[in-house]
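Chain by chain, the residues:
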Amino acid sequence: MPPLAFRAATPADVDAVVALVESAYRGHASRAGWTTEADLLDGRRTNADDVLANILRPQSQVLLAFRGDALVACAHVAVEDGAGYFGMFSVAPTLQRSGLGKAMMAEAERIARQDYGMALMRMTVIDVRDELIAWYERRGYRRTGVTKPFPYGDERFGIPLRPDLRFEVLEKAL
């Protein structure tokens, strides 16, 4: 298997990033992996405008991971509110549970710490995603107890399939 190679996304990568993110979280294809949100949300997870904005924003990058020529994972790494931010984390559904996620997270944390000078990484996770939160906890993240409302009615975040969704902030010292 070719080694994992990382690089920052460029505007030319936008469509591939959108396709990867959508495949990891929404629709039938997402069910091949364990990170699907298909039972929680319908609709889109991201779009080209959102991805491009993250690529072009200062102190922000969309990190890509490749095996050979194949895009296999991505994540948004940025500076927000005085800490690193980790989001849009996606691994190709058929490659989940292969160690790609751990490697991707380690590289994102390195970027936040070394390139952006951040001592803390934060993320938001839908708080009913117990298995996913446990995965992050095994990697040193802790639940802060800080919650944020899910933006019901704003289809940029998906179409909720249940009425009890909210985000919880997780964080880790870098």
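See the structure above.
Every value quoted in this text rests on a predicted model; they were computed, and no experiment measured them. (Residues numbered from 1 in each chain as written. Predicted model: local features only at pLDDT ≥ 70, side-chain atom pairs only at ≥ 80, totals over all residues. Heavy atoms only, no water.)

Peer 1: An account of the overall build of the protein chain is requested, with residue identities and associated values reported.
Peer 2: From N to C terminus, the protein chain includes four helices and nine strands. For the protein chain, the N- to C-terminal ordering of α and β elements is β-α-β-α-β-β-β-α-β-α-β-β-β. In summary, the protein chain has a C-alpha radius of gyration of 15 Å against a globular reference of 16 Å for 174 residues, a match within 12%. Counting only C-alpha atoms and orienting by the principal axes, one finds that the protein chain spans roughly 40 × 35 × 30 Å. Evaluated residue by residue, the protein chain yields a buried proportion of 48% over its 174 residues. Considering only contacts in the protein chain between residues 6 or more positions apart, those separated by 24 or more positions represent 65%. For the protein chain, the accessible surface area stands at approximately 8500 Å², while carbon and sulfur atoms represent 53% of it. With 22 positive and 23 negative side-chain charges, the protein chain shows a spacing of 5 Å between the two charge centroids. (Helix = DSSP H or I, 4+ residues; strand = E, 2+ residues; numbered from the N terminus. Rg over C-alpha atoms; globule rule 2.2 N^0.38 Å. Buried < 20%, exposed > 50% of the residue type's maximum accessible area, 1.4 Å probe, protein only. Contact = heavy atoms within 4.5 Å. Areas by Shrake-Rupley, 256 points an atom, 1.4 Å probe, with all protein chains shown as cover. Lys, Arg positive; Asp, Glu negative; His and termini not counted. Charge placed at Lys NZ, Arg CZ, Asp CG, Glu CD.)

Peer 1: Which residues make up the packing of aromatic side chains, and what are the values?
Peer 2: Within this structure, the stated rule accounts for eight aromatic pairs. With centroids separated by 6.0 Å and ring planes inclined at 40°, the aromatic side chains of Phe89 and Trp135 adopt a geometry described as tilted. Of this pair, Phe89 sits in strand β5 (residues 83–91) while Trp135 sits in helix α4 (residues 130–138), and the two are 46 residues apart along the sequence. Pairing Trp135 with Tyr136 gives two aromatic rings, centres 5.4 Å apart and planes at 75°, and the pair type is edge-to-face. Exposure remark for Trp135: the relative accessible area of 11% places this residue in the buried category. On the basis of relative accessibility, which here comes to 4%, the residue Tyr136 falls in the buried class. (Phe/Tyr/Trp six-rings, centres within 6.5 Å; stacked < 30°, edge-to-face > 60°.)

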